[in-house]
Amino acid sequence: MKLERLMKEKQMDAILITNLLNVRYFTSFTGTTGTAIIIGKRKFFITDFRYVEQGKKQVEKMGFELICENVSTFKKIGELLKEYDVKKIGIENQSVTLDQFKTFEKNFPKLEYIYLDDAFTKEREIKSEEEIKIIKESIKIAEKALEATLPKIKVGMKEKDVAAELEYQMRKQGADKPSFDLIVASNERSALPHGVASDKLIEEGFLTIDYGCFYKGYASDITRTFYVGKNPSEKHIEIYNIVKEANEKAIKAIKEGVSVHELDSIARDFIKEKGYGDYFGHGLGHGIGLQIHEYPGVSFKSEDKVLKAGMVITIEPGIYLPNFGGVRIEDDILVTKDSYEILTSLKKDLKTI
Ligand SMILES: [Mn+2]
């Protein structure tokens, strides 16, 4: 069990899990109020009246004992710490607020605090079979939604209306909600790597749609760039195909053992070689899971590490030419022992709409 291993490694008597995504990961609890505390071999989950029924069903399967505390979770934690004579406790220093920490220190001055840093998020980077199944569903929902939206896109429509339609279609297919503010960027706005849908009207030129949804808590993240109009210029076709080739080259190199820097370079060097190196300024990709961006980073900027089977990453090279337009093509990929599985299935040839 991951938590027990962590406790042993850092010689802690207890671990406090307060970040809701990590609470969800370790306890299966999907509500909005809950704290987990592991003390030795005992695992407790503290929530309030509203979540007792739901909480029991979810956390008991994971070996947690539910404690209902309606007044102060903090007081309850204090009682447990005392009862079990805890001396050394791991806390999520990246998400505990300074106020919470001060209250802790004031009330438990003798406790030794171990900063867990990103230990939990690192645990989450390799997905279980169950998680992979859910991510695949999340992607399928997003893809069906885009297919249903594309025929409705017309010149003169607002970017925001395209985003609204796409969100509606995702929810109709079963999504919980969009995984981030949808990017719908028409013509010269497609040169903005993060062109969140605006009031701009769709016009002839590139149209970049970067979107995804949460399904059962797990994110999908897909980008496709289209050409609105019948006759893309040679330049449009040229940069589109360079990005597509960079995307495909990087994907082909994926397997356990390849480093993220190496992967980033494959796409980056290719784009540079074609003369557009200055126009690809962001990283190649990132892990997806309970968060839209999680470990591992797949970028020249991220910590270099090797891919491991079970990681789910995006590959999303792009070229952005100011006052002209930009292209990004993003797929979601499962790393396997000897190669990869492309989880996204939307076509990548330049499509005119
Ligand atoms: Mn992405």
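Because the structure is predicted, anything quoted here is derived from the model rather than measured.

1. Overview of the UniProt feature "domain: Creatinase N-terminal" (unreviewed entry) in the protein
In step 1: Under the local residue numbering, the UniProt record ascribes the feature "domain: Creatinase N-terminal" (unreviewed entry) to residues 2-126.
In step 2: Counting secondary structure, residues 2-126 comes out at 41% helix and 22% strand; the distance between its end C-alpha atoms is 12 Å.

2. Here's the deal with the packing of helix α4 (residues 73-83) against helix α5 (residues 98-107)
The geometry of a pair of packed helices is captured by two quantities: the angle between their axes and the separation between those axes.
In step 1: One way to put it is that α4 packs onto α5 with a least axis distance of 12 Å and a crossing angle of 40 degrees. When the axis of α4 is compared with that of α5, the two are oblique. Helix-helix and strand crossings are classified by hand; for α4 and α5 the assignment is right-handed. Contacts between α4 and α5 involve Phe74, Ile77 and Leu81 from the first element and Thr103, Phe104 and Asn107 from the second.

3. Regarding the side chain of His286
In step 1: Mapped onto the secondary structure, His286 falls in strand β13 (residues 285-287).
In step 2: A residue is classified by how much of its surface remains accessible, and His286, at 8% relative accessible area, is buried.
In step 3: At 3.1 Å, the side chain of His286 forms a polar contact with the side chain of Asp221.
In step 4: Of note is the side chain of His286, whose polar atom sits 2.9 Å from the side chain of Glu316.
In step 5: Not counting residues within four places of it along the chain, the set of residues in contact with His286 comprises Asp221, Ile292, His293, Glu294, Pro296, Gly297, Val298, Val312, Ile313, Thr314, Glu316 and Glu330.

4. Remarks on the pattern of salt bridges
In step 1: Counted under the stated rule, the structure contains 27 salt bridges.
In step 2: Lys76 serves as the salt-bridge partner of Glu79, at 3.1 Å between the closest nitrogen and oxygen. A residue pair is termed a helical-turn pair when its members lie 3 or 4 positions apart in one helix, as Glu79 and Lys76 do in helix α4 at three residues.
In step 3: Overall, Glu79 belongs to the partly exposed group, its relative accessible area being 37%.
In step 4: Residue classification places Lys76 among the buried residues on the basis of a relative accessible area of 18%.
In step 5: Across the pair Lys158 and Asp199 runs a salt bridge, and its minimum N-O distance is 4.0 Å. In this pair, Lys158 is assigned in the loop between α7 (129-149) and α8 (159-172) and Asp199 in the loop between β8 (183-186) and β9 (205-211), connecting sequence segments 41 residues apart.
In step 6: Through salt bridges that share partners, Arg5, Glu9 and Glu123 make up one connected network.

Conventions adopted
- Residues numbered from 1 in each chain as written.
- Predicted model: local features only at pLDDT ≥ 70, side-chain atom pairs only at ≥ 80, totals over all residues.
- Heavy atoms only, no water.
- UniProt positions renumbered as here; feature names shortened; annotations may be inferred.
- Helix = DSSP H or I, 4+ residues; strand = E, 2+ residues; numbered from the N terminus.
- Axes fitted to C-alpha atoms, helices over the stretch in contact; angles between N-to-C directions.
- Parallel < 35°, antiparallel > 145°, perpendicular 65-115°, else oblique.
- Left-handed = near helix turned anticlockwise from the far one by under 90°.
- Contact = heavy atoms within 4.5 Å.
- Buried < 20%, exposed > 50% of the residue type's maximum accessible area, 1.4 Å probe, protein only.
- Polar contact = N/O pair within 3.5 Å; in protein donor to acceptor, adjacent residues only side chain to side chain.
- Salt bridge = Lys/Arg side-chain N within 4 Å of Asp/Glu carboxyl O.

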